[in-house]
Structures are given as structure tokens and as C-alpha cells.
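Chain residues, written in single-letter form:
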Amino acid sequence: MASPVVETRGLGKVFRDFWGRPRVHALKGLDLGVEPGEVFGLLGPNGSGKSTTIKILLGLLHPTAGFAKVLGGSPREVKLKARIGYLPEESNFYPHLSAEETLSFFGSIFALPTQVIRRRTDELIHLVGLEGARRRLVGEFSKGMLRRIGLAQALINDPELLILDEPTAGLDPIGNREVKNLLVDLKRRGKTVLISSHLLADIEEVCDKVAILHEGQLRAFGAVDRLLADDQRTQITTRRLSPGTIEAVRALLDEREGADLKVEVGMPSTRLEEFFVRTVTSAKNEPAAGGKAQP
Amino acid sequence: MRAVLAVARLLLAEMRGRRTWIPGVLIVAIAFFAPLFGERTGTGSLRERYHLCVTYGIGLPAFLINLLMITVAASMARDIENRRIQALVTKPIAPWQIVLGLFGCLLLVSGLLSMVIFTMFSARVAELRDPGGRVADPVQLSIRRLLVPRAQLGPEPKTIDPGLVAAMVESMRSESQGVHEVRRAELEKRALKVLRSLQLRPGEAADFVFRGLQETSAIERDGLLLRFVVHSLKPWEVGRVSLQWEAGEGSAEMQVRSNLVPHGVPAEVLLPGSVVGKDGTLRLRARNVEAADSGVTVILNPERVHALPPQGSFFASEVAALWLVVSRSALLLAVALFASSLFRFVTAVFLALFVYVSALASGFLRETFELFQGDSHLGGLSEQVAGWASRFGALALSFLPDLSRLDPLDRLALGRVIGPGELVVETAWIAAESAVLLALGGLTLRRRELGKP
């Protein structure tokens, strides 16, 4: 079995005040393992320790107990960081650089050849949908655009491990969908992704495994399918049935399972996100309406 | 290396975006116009105009450049505060590379601005020239001279008998009692200074020999600047003393009376070049010309008597001064970067400015602290507090950079040479101090938790 890409054992973090007195116990004995090629979700309410965990994994914070290993080494190893991509929670990039310059700058930090930087910059700007703003200063970007450029800079080195802190925060539903599609694509290419989020729908859709944190402690850990599976109920989905057929099915169920069996019959609803994406996509594909819009 | 260059380029782009070039242009404008305003108020002599050029054309702009660079360097603290640095430090770049990239970029900008200012200064000095050679001003003439090495001082240091020190301390104690209370340690220090030095009673004289003053037309035409420090045996009674310098032999002999020199403050006397012998030797006699009944004994420390030959080539002197000005900027940048690796923006700027000012005034502060540590006029609590504060201040000064060792602009203003030896020693000091500060900055950044909420 391949060694885990991310591993923590008994990880603890205590934040202290100016006088050295413990102020916050952000993490308490966290044990985690992320296998290669997995998309791993770190879930939890605000203040549960998600960002602290990520910052320890990136060497931005030092653990006060236990240890963390990333790609088999210490998170503070500089060389190791060449194999990691990171999207910070807050999109604070250099406001006086354009989108293109930002990517070029981060590419230079990775010591990528100039031609590679140019090619990757073009690809990533296209990927995150910032073609129209490639020469605009990052300081003029909206929150959603900042998340996009943040995501692009995290991918500039084609990382083995991608760590995303709240990747969909501030994105519109289309952007949200694009990020999820991107994550699926990365997974298909064998990349390991660690996502921290409190948006459960995002995690559920793309993650293989999740860990749920609360007050710095691990409360649940495992494959999404296994955690969400409800083995007490059965669901059958088919095309719309006539009332007669429904009655016949009910009668059959009463006969086989007993009269006290609770059966719910209804029309499944499309999820709002799915509906929104479908509507906007079809609107985009429609030919432009002639004439001016009437007031 | 590419990462270091990328950080440097990033800072340049940030400076461009933040419009840092506006204060840069203002500084250049100040360097151009400030001496003009000064000229209106002065007497308009060549020497005065030259001094104005140095003070307002270089001194003031160099100070402003340093202030600007300190502020920009401390922006690293702001990047840490607003967590912008997180995206950078999670990339394969070591903290020392970040510090080095910022330092290199700022040093380049500071160097370029300084070069612009020095070029403007050269142009202005060229304007002051009198092509006909009719103006016999030493500063104007010194512009044309060749580089002359600094003179060597003749007298050897003395060995002191400890018994003599003790006897002198007792004598001073009994004499000063009732007039002014002085600590024993301070008296010992003063006794040692006195015994190492030459003591001249009224009418007495001491001889000095300087060798290695090469026979050059520069000395002959521009003269030789003598810089010295005198003390009196009883400073609690006398604040100023009269001293006369007799120089040269035979027909070249002359006398210069430097009347009423305040004790402990460097004094200067310009000797004519003709007093230097053909073999490059200068024989000097210092005579105490206090009234015989005054009983004032003048103390002259041979180690603090310097004969400064005139500046040689103006260009060489200017380049040396420019080199030192930029080196000082480098040191201040290192201070600012170290401070911003440790503190918040405002604290880092304040700390760097504090170090800058204290480094400029280091010599004066050291003397003042020594005075407060030794003397006690009233012996009250406030005196004691002042004494403790001075001890702390003296201790702090020993850790802070010292920019008072050699003032390049003072030399330039006086038209005196900055010797190659001095240049090397000063550069080595500054380089060592800057390297230590930059290494500490990198180390602090590496150890610091940059992801703290």
C-alpha cells in the first residue's frame, strides 16, 4: 500500500496569549490520513480547526503536540513545497499585479522555464475563466475573480497535492460547478486534493473521503458513500407512473411487507444548483435575441 | 536565484503600483532646489555655496531616501499582517530568499536615487568652478587634486603605572570634593586618559611628528587640516582652553592659535601646506597659551590628533562618499527588514527610524552617557535614575550600528579625503552588520508562525 500523502498523528495546537497562557485549544489529538489520488474533504463548523490543520500541513503554523507529514516529509521543508499547490482561505494577492503577472510571478518562484510559465498561464487563465481580465490588476478583481486567480496560482506548478481552503467561497453557481468539475478532472489525473469547506453539498459531490471536525477533535472519518449510506430505507426511482400502477405497487408492498409499512410517493425535485446551471447554460447557448430590450 | 529575482521584481512592481516613484521624484526635486533657496540667504561665498550643496543637495535627500526605503522595507510586516505573505511562503522559497530579494531591490532603488543626487551635486560643483583659477578657495581647488594617503601619527602609546593612576585619583578626589561629586570609576577613567595624554601646564609645549605626508602640490596649495580634541585637567573649573600650534621648520615656520577650544569637542585648524617638509614630515608643537597664573593644564591625547590631507581627485572623493552613503542605506534596509520580520508595520518603521537616528548620533550619545554615568551633581533620585538610564543606554548603543565613526558628507563638505583604508574598514563593518541583520531576519521569518489567526 502506498504511503499516505498527508498524515497526522496526535496533532494538537494550542494558541497562547502574549504571556504564554493557553488561549485556544484549536486541535486536540487529530489523526488523519489522505491516500494518493483521493479527494479528501475536511468538514466542520467555523472554529472547528479546519484552517489550523491546513496551516500546519503547509508549515504556516507549528503543532504543539503530535506530528504532521506531507508527501513523506516535514511541512516546513522548502523543497517539498514545489509539489504542493495551495489556495488560501483569504484571497490576498498582490493588488498591483495583473492576473497574468501574478501567475508569472508564482511560476518564477517555482523556477519553471519561461516558456512553461507562459503556456501554463494561458491554460490556467482559460481554465478559471479570466480571459477577459488577464491584464486587469488583481486589486480591481471581485471576490469571485480573486478565488479564480487563487485557484490558478495553486495549479501553476501542476501539483501532486492540492490544498484548497474554502475553494468555492464567493463563487457564483457557475464558478462553483466549474471548480467541482476541475476537482473531478484532477482526481481523474491521479492528483490528491485536500479541501476544507463548510459547504456540505460541495464536499459530498466531489470527495471520496471526509473528516468532520468539531472543536478541534475528529468526530467522523471515512468514505462519503459509507458515511451517508442509509441501510434502513429503500428507494426506487423510475419514470412517472400512473395512479393505478402506484396503487398496485402499494397493495403489493402491503401484502409482502405488512400494512404498517410507511411508503412515500412523490416526484423527485431537481437540486436548485443543478437547475440554475442548466438554465444559465441553455441561455448562453441560445442565439442572441435581435433588437434592444424593451424597458 | 530566480526566486530571489522574482521577489525583487515583485517589489518593483508593487512600488510602481503604490506610486512610490512620486516621493522619489520629490526627493530629486528637493536635491535640485533646496540648495538654491539656501544660496539666497547666505553670504554667497564659494565655500558657503559648496556647503549648501552638500547639506541640502546630498545630506537632506539622502536622509529622505533612507526614510522612504525604511517605509517600503517595512511593508513586509504589512504583508505578514494582512496574510498576503501566506501565498508566497507556501511556495518553494526559503525565507532568507524573500528577505534577500526585498533587500536587493531596495538597495538598487536607493543606489540609483543616490546616484542621481550625486550626479546633480557634481554638476552643481562643476558650476562653482572658476576655470581661470582666480578663486583661491581651498574647496574649489581641492576638486582638482590627486588622492593623497592619510598621514601617520608620530608618538607611540605610553604604558601606564597603576600606582600613578591611584595617586592621581586620590589627588583629583580631594581637589574636587565639595565642588562636584565624581564617581571613583569615572575618576580612574579620567586619570588613565590624562596619563596616556600629554599634560601641558601654562607655557609648556609638546612635539608631534607626522610622517608619510607625501610632498604634493595638493598639500602645498590646499593646506593641511589638523583635527584634535583637548581636555583640561579640571573640567569642573574650566570649560575652554587656549592652545597654540607651531608648525614647520625654518622659513616654513608658522603659528596658529586655536583660541578657546571647548574641551572634549573636536577642533580644527588649517595649516598652510608649506609647513610640510620636503620628505613628507610635519613637525608640530602644541603650546598651552593659558595665562601663567590660571593654572589650567591642557591635556592632549596624541591618538586624537589627526592631520587630514586635502581631498585628492574630486571624482574619487565623491565616489567614496556615494559608496558610503549607499552602504549606510544598506544597513538601514537590513535593520528595517529585520524589524519587519519580527514586529508589526508601525513598530518596525518606528524601530528602524530609532536605530537610524541613534546610529547617526551614536558618538554624541556615547559621550553623553559616559558623562551621566560618571558625574553626579545632586546625588538625588533623579540623578541616580539618569545614571541607570545612561548605563542602559551605553549598553544598548554597543549593540546598535554606529554611523558616527566616519561621516562621508562631513569629509566632502570639508574637502578632505576619505582614505581607502577607512573606506574598506567602514564598508566591512557595515557589510558585517547588515549580513547579521539579514540572516536574523531570515531566521525569524522561518521560525515565526505566519498563519496565526
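Residues numbered from 1 in each chain as written. Chains lettered and ligands numbered in written order. Predicted model: local features only at pLDDT ≥ 70, side-chain atom pairs only at ≥ 80, totals over all residues. Heavy atoms only, no water.

Chemist: Can you walk me through the overall build of chain B in this structure?
Modeler: When helices and strands are counted, chain B shows 16 helices and 13 strands. Considering only contacts within chain B whose residues lie at least 6 apart along the sequence, 82% involve residues at least 24 apart. Accessible surface, chain B: about 21,500 Å² in total, of which carbon and sulfur atoms supply 62%. (Helix = DSSP H or I, 4+ residues; strand = E, 2+ residues; numbered from the N terminus. Contact = heavy atoms within 4.5 Å. Areas by Shrake-Rupley, 256 points an atom, 1.4 Å probe, with all protein chains shown as cover.)

Chemist: Is there a simple way to think about the side chain of Lys81 of chain A in this case?
Modeler: As for its position among the elements, Lys81 of chain A is in the loop between strand E4 (65-70) and strand E5 (84-87). Within the buried core, Lys81 of chain A has no salt-bridge partner, and the shortest N-O distance to an opposite charge, that of Glu77 of chain A, equals 10 Å. With residues up to four places along the chain from it excluded, the contact list for Lys81 of chain A reads Leu58, Pro75, Arg76, Phe110 and Asn157 of chain A together with Val89, Thr90, Lys91 and Pro92 of chain B. (Buried < 20%, exposed > 50% of the residue type's maximum accessible area, 1.4 Å probe, protein only. Lys, Arg positive; Asp, Glu negative; His and termini not counted. Salt bridge = Lys/Arg side-chain N within 4 Å of Asp/Glu carboxyl O.)

Chemist: Would you take a moment to explain the pairing of strand E9 (residues 267-271) of chain B for this structure?
Modeler: Residues in a regular strand point their side chains to alternate faces of the sheet. All names here are of chain B. With burial as the criterion, only one face of E9 is covered, namely that bearing Ala267, Val269 and Leu271; the residues Glu268 and Leu270 on the opposite face remain uncovered. The pairing of strand E5 (residues 224-228) with E9 spans five bridges and is classified as antiparallel. When the bridges of E9 are listed, Leu224 appears paired with Leu271. (Pairing = 2+ DSSP bridges.)

Chemist: Before we go on, may I ask you to explain the sheet that holds E4 of chain A in this structure?
Modeler: Pairing between the strands of a sheet comes from backbone hydrogen bonds, and it takes one of two forms, parallel or antiparallel. All names here are of chain A. An order of E2-E1-E4 is seen for the three strands of this open sheet, with the pairing classed as antiparallel. Of all the strands in the sheet, the pair left with one neighbour each is strand E2 (22-34) and E4. Neighbour-to-neighbour, the strand axes of the sheet open up by a mean angle of 25 degrees, direction not taken into account. One ladder, built from eight bridges, connects strand E1 (residues 6-16) with E2; its direction is antiparallel. Note on E2: the bridge partner recorded for Arg16 is Pro22. (Axes fitted to C-alpha atoms, helices over the stretch in contact; angles between N-to-C directions.)

Chemist: I keep staring at helix H14 (residues 381-399) of chain B and nothing clicks. Help me out?
Modeler: Residues and elements named next belong to chain B. The end-to-end C-alpha distance of H14 is 28 Å, a good match for the 27 Å that 19 residues give at a rise of 1.5 Å each. All buried positions along H14 are accounted for by Glu383, Gly387, Ser390, Gly393 and Leu397. For H14, the buried positions fall inside an angular range of 125 degrees around the axis, keeping them on one side. Opposite the buried face of H14, by more than 90 degrees, sit the exposed residues Leu381, Trp388, Phe392 and Phe399. (Expected span 1.5 Å × (residues − 1). Arc of directions from axis to C-beta.)

Chemist: What am I meant to see in the interface of chain A and chain B here?
Modeler: Each side of the interface is counted separately: chain A has 32 residues, and chain B has 32 residues. Looking only at chain A, the three residues that lose the most surface to chain B are Tyr94, His96 and Ile109 of chain A, adding up to 23% of its buried area. For the interface between chain A and chain B, the tally reads two salt bridges. A salt bridge links Lys13 of chain A to Glu449 of chain B; its shortest N-O distance comes to 2.6 Å. Contributing elements (two or more residues each) for the side of chain A that touches chain B: E1, helix H2 (99-109) and helix H3 (114-127) of chain A. Among the elements that make up the side of chain A that touches chain B, the one with the highest residue count is H2 of chain A (five residues). (Buried area = accessible area lost by both parts, 1.4 Å probe.)

Chemist: Any chance you could explain the packing of H2 of chain A against helix H4 (residues 143-155) of chain A here in plain terms?
Modeler: Angle between the axes and distance between the axes: these two values describe a pair of packed helices. Residues and elements named next belong to chain A. Contact geometry for H2 and H4: axes closest at 9 Å, N-to-C directions at 25 degrees. Judged by the angle between their axes, H2 and H4 are roughly parallel. Crossing hand, H2 versus H4: right-handed. In this structure, H2 contributes Ala99, Thr102, Leu103 and Phe106 to the contact, and H4 contributes Ile149, Ala152 and Gln153. Partitioned by chemical class, the residues of the contact of H2 with H4 number five nonpolar, two polar and no charged. (Parallel < 35°, antiparallel > 145°, perpendicular 65-115°, else oblique. Left-handed = near helix turned anticlockwise from the far one by under 90°. Nonpolar A, V, L, I, M, F, W, Y, C, P; charged D, E, K, R; others polar.)

Chemist: It is not clear to me how the confidence of the model for chain B should be interpreted in this structure. Could you clarify?
Modeler: The predicted coordinates of low-pLDDT regions are not to be read in fine detail. Residue and element names in this part refer to chain B. With 75% of its residues at a pLDDT of 70 or more, chain B has an overall mean of 77. When pLDDT is averaged over each element of chain B, helix H12 (residues 345-360) comes out on top at 90 and strand E1 (residues 152-153) at the bottom at 34. Scored below 50 in pLDDT, residues 130-137 makes 10 contacts in the model with residues more than four places away or belonging to other chains. Considering only residues more than four positions removed or in separate chains, one finds that residues 140-157, a stretch of pLDDT under 50, has 69 contacts. (pLDDT = per-residue confidence, 0-100.)

Chemist: Would you mind going over the nonpolar core with me for this structure?
Modeler: Nonpolar side chains in soluble globular proteins tend to be buried together. By size, the foremost hydrophobic cluster in this structure holds 142 residues, and its most contacted members are Phe105, Phe141, Ile163 and Ile195 of chain A together with Met69 of chain B. Excluding residues that lie within four positions of it along the chain, Met69 of chain B makes contacts with Met15, Leu106, Val109, Ser110, Leu113 and Leu333 of chain B. Core analysis: the next-biggest nonpolar cluster, separate from the first, contains 26 residues, Leu198, Leu243, Val276 and Ala286 of chain B among them. (Core = buried A, V, L, I, M, F, W, Y, C linked by side-chain atoms within 4.5 Å.)

Chemist: Please clarify how the packing of aromatic side chains should be interpreted in this entry.
Modeler: The geometry of an aromatic ring pair is captured by the separation of the ring centres together with the interplanar angle, meaning the angle of the planes. Counted by the stated rule, this structure contains eight aromatic pairs over all chains. When the centroid spacing of 4.8 Å and the interplanar angle of 90 degrees are considered together, the rings of Phe18 of chain A and Trp19 of chain A count as edge-to-face. The same class applies to Phe18 of chain A and to Trp19 of chain A, which are both exposed. Ring geometry for Phe40 of chain A against Phe221 of chain A: centres 5.8 Å apart, planes inclined by 40 degrees, an arrangement best described as tilted. With Phe40 of chain A in strand E3 (residues 39-43) and Phe221 of chain A in strand E9 (residues 217-223), this residue pair connects regions lying 181 residues apart in the sequence. Ring-pair connections join several aromatic residues into one group, and the members of that group are Phe93, Tyr94, Phe105 and Phe106 of chain A. Across the ring face of Phe106 of chain A, the terminal group of Lys91 of chain B is positioned such that the distance to the ring centre comes to 4.9 Å. (Phe/Tyr/Trp six-rings, centres within 6.5 Å; stacked < 30°, edge-to-face > 60°. Lys NZ or Arg CZ within 6 Å of the ring centre and 35° of its normal.)

Chemist: It is not clear to me how the packing of H4 of chain A against helix H5 (residues 173-188) of chain A should be interpreted in this structure. Could you clarify?
Modeler: All names here are of chain A. Where H4 meets H5, the closest approach of the two axes is 12 Å, and the angle between their N-to-C directions is 15 degrees. Here H4 lies roughly parallel to H5, going by the angle between them. Of the two possible hands of crossing, H4 and H5 adopt the one that is left-handed. Each of Arg148, Leu151 and Leu155 in H4 lies in contact with H5, whose residues at this interface are Gly175, Glu178, Val179, Leu182 and Leu186.

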